[in-house]
Amino acid sequence: MKLMQLLTEIEKPCAFVPTMGALHAGHQSLIAQARELCDEVVVSVFVNPLQFEDKEDLKKYPRTPEKDAEMAAAAGATVLWTPSYEDIYPAEIKKLSAGELGEKFEGVHRPGHFDGVLTVVHRLFELVKPKYAIFGEKDFQQLFLIIKMAAQLHPEIEIIAAPTVRETSGLAMSSRNVRLDKDARIAADVISKVLRTATECESVDQARKQLAALENNLDFKLDYAEIIDESSFELANNETQRARAIVAGWINGVRLIDNMAMKQALVRV
Ligand code: PAF
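Residues numbered from 1 in each chain as written. Predicted model: local features only at pLDDT ≥ 70, side-chain atom pairs only at ≥ 80, totals over all residues. Heavy atoms only, no water.

Trainee: Would you mind going over the site of the ligand in detail, with residue names and values included?
Mentor: Residues in close proximity to the ligand include Pro18, Thr19, Met20, Gln51, Val120, Phe135 and Gln142, which together make up its full environment. A distance of 2.7 Å is found between an oxygen atom of the ligand and a side-chain nitrogen or oxygen belonging to Gln51. Contact between the ligand and Gln142: an oxygen atom at 2.8 Å from a side-chain N or O atom of the residue. Split into classes, the residues belonging to the shell around the ligand amount to 4 nonpolar, 3 polar and no charged. (Near = heavy atom within 4 Å. Polar contact = N/O pair within 3.5 Å; in protein donor to acceptor, adjacent residues only side chain to side chain. Nonpolar A, V, L, I, M, F, W, Y, C, P; charged D, E, K, R; others polar.)

Trainee: A description of the sheet that holds strand E8 (residues 243-251) should follow, citing residues and the corresponding values.
Mentor: A sheet is described by the order of its strands in space; here 3 strands give the open sequence E7-E8-E9, paired in antiparallel fashion. Each edge of the open sheet is held by one strand with a lone partner, namely strand E7 (220-229) and strand E9 (254-261). Averaged over neighbouring strand pairs, the angle between their axes works out to 15 degrees when direction is ignored. As judged from the 9 bridges shared by E7 and E8, these two strands associate in the antiparallel manner. The residue of E8 that forms the bridge with Ala225 is Val247. Set on the sheet, helix H9 (residues 204-211) makes contact with E7 and E8; between it and E7 the angle comes to about 170 degrees. (Pairing = 2+ DSSP bridges. Helix = DSSP H or I, 4+ residues; strand = E, 2+ residues; numbered from the N terminus. Axes fitted to C-alpha atoms, helices over the stretch in contact; angles between N-to-C directions. Contact = heavy atoms within 4.5 Å.)

Trainee: Lay out unusual backbone geometry with the relevant residues and their values.
Mentor: In the segment running from Lys12 into Pro13, the intervening peptide bond is cis, with an omega of 0 degrees. Within the secondary structure, Pro13 sits in the loop between strand E1 (2-4) and strand E2 (14-19). Positive phi, close to 45 degrees, is recorded for Glu9, a residue that is not glycine. Relative to the helices and strands, Glu9 is located in the loop between E1 and E2. With a phi close to 65 degrees, Phe233 is a non-glycine residue in the positive phi region. Tracing the backbone shows Phe233 in the loop between E7 and E8.

Below you can see the structure in the form of structure tokens.
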């Protein structure tokens, strides 16, 4: 695997996995999927300040450069690219807007976050020019917005959605999990358990009732729990073909998000 700060000599076509580092098995599965698509797999590690509305969160974001290099190479990356701030934003930043959807769900709790995500992903795409770019379904709203942005600004890039990788407890893998202590980890199991129960329901109303259990959980400070229509990110109803339960909240000062697709076509009323 080649280590690069400045991006030179990338083989084309390439598959691209953008990350903010602190790599875990979830990222490794994205890299392995990328490797199935192309012989050249570029992994970027760039902690993008523009997507952190809370500067404390940016400071606390885990940084594990040596482990990142080992994990990326072991999963099949051929290039690990670690650009500096100036490499990504050399001049005045032209910020993209995530529009109205950028202000819903995650956007209510993290204003400006998705503008920052779209701005950096657009820049990364301009620099790498991949054939494929792979993103995890765990950040489902991010994935939705990136697909829309890429369709407009980078129609030549195929965006691949990769399923969420979970720990044996069901907890969705996330770079933030390293900040959970033993008790918080146990408490965090409630998220995937409630999501699973909700997604087995036969109607949106029943699923919403299951999600409401999270409101009364003493260990979990809920930001939102909803059932959305995957095609529009509007609230789902019983006419929705493909619905998904989405959840975000806090456990012991660590923000966690997760989602699962509804298991069966919803019952029509
Ligand atoms: O999901 C992430 O790790 C980040 O939001 C991304 C897509 C790498 C942009 O900084």
